[in-house]
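# Structural overview for review
What follows is each chain in one-letter form.
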Amino acid sequence: MMKTKRRLFSILLCMVMIFTMQPMMVKADSERIHVSDISATSSDINSIPGYGKRCILPINLVITEGDGVRFSVTNGSWEKKNGDTWEDVRDTEVFTAGTWRYRHQIRIDGEYGNTHVIADDFTFKMNDESWSTSTPRVEDNYSYAQVYSPEIIIAEPEELIFRDSNTFD
């Protein structure tokens, strides 16, 4: 009788070990919740860059809407248009005359990466202003995409001309 109990206990223990060591099942892309409307706020983005000011990174933003999922917000940078391409600008540089935009990566990962995914046709709004988006990259347990601010035109300041005059002393 004791041998039978030990044998049953051993079998039960083996089964528990086998099932707890199984890899976690990841939901397929079609089974995950597709997040299509994402909104964020930032007080930093409201300070429009100006000619000669330093390109400060990163701009902090807080996701306020996105189907209850927690986003990771990383990898922001200023970009300057050069012909038809956009070039990253480091935070040690200053704004010069030209067309600029801010690029930021948003991602769903961690525990939410298994249950949620950024939808292919998602929209992104920063402080209620629409930003353009890239096609999301979707993997088994995370997804991410780039969002881009509207273009900002920075003009070179006009040169001031001083003339000697007796009108004002």
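Parameters at a glance
- Residues numbered from 1 in each chain as written.
- Predicted model: local features only at pLDDT ≥ 70, side-chain atom pairs only at ≥ 80, totals over all residues.
- Heavy atoms only, no water.
- Salt bridge = Lys/Arg side-chain N within 4 Å of Asp/Glu carboxyl O.
- Helix = DSSP H or I, 4+ residues; strand = E, 2+ residues; numbered from the N terminus.
- Buried < 20%, exposed > 50% of the residue type's maximum accessible area, 1.4 Å probe, protein only.
- Pairing = 2+ DSSP bridges.

Okay, the pattern of salt bridges next. Tallied over the entire structure, the rule returns six salt bridges. Lys81 is the partner of Glu151 in a salt bridge, and the nearest nitrogen-oxygen pair spans 3.7 Å. Of the two residues, Glu151 sits in the loop between β9 (143-148) and β10 (152-154) while Lys81 sits in strand β3 (residues 72-82), which places them 70 residues apart along the sequence. Overall, the relative accessible area of 47% leaves Glu151 in the partly exposed class. Residue Lys81 is classed as partly exposed on the basis of its relative accessible area, which comes to 32%. Salt bridges here are not isolated pairs; linked through shared partners, they connect Glu79, Asp88, Arg101 and Arg103.

The subject of this paragraph is the pairing of strand β7 (residues 129-133). Consecutive residues of a regular strand have side chains that alternate between opposite faces of the sheet. With three bridges joining them, strand β6 (residues 116-126) and β7 adopt antiparallel strand pairing. Counterpart to Phe124 in the pairing with β7 is Trp131. Counting the residues in the hairpin turn of β6 and β7 gives two residues, including Asn127, whose phi is positive at 50°.

Remember that the coordinates give geometry; whether it matters functionally is a separate question.
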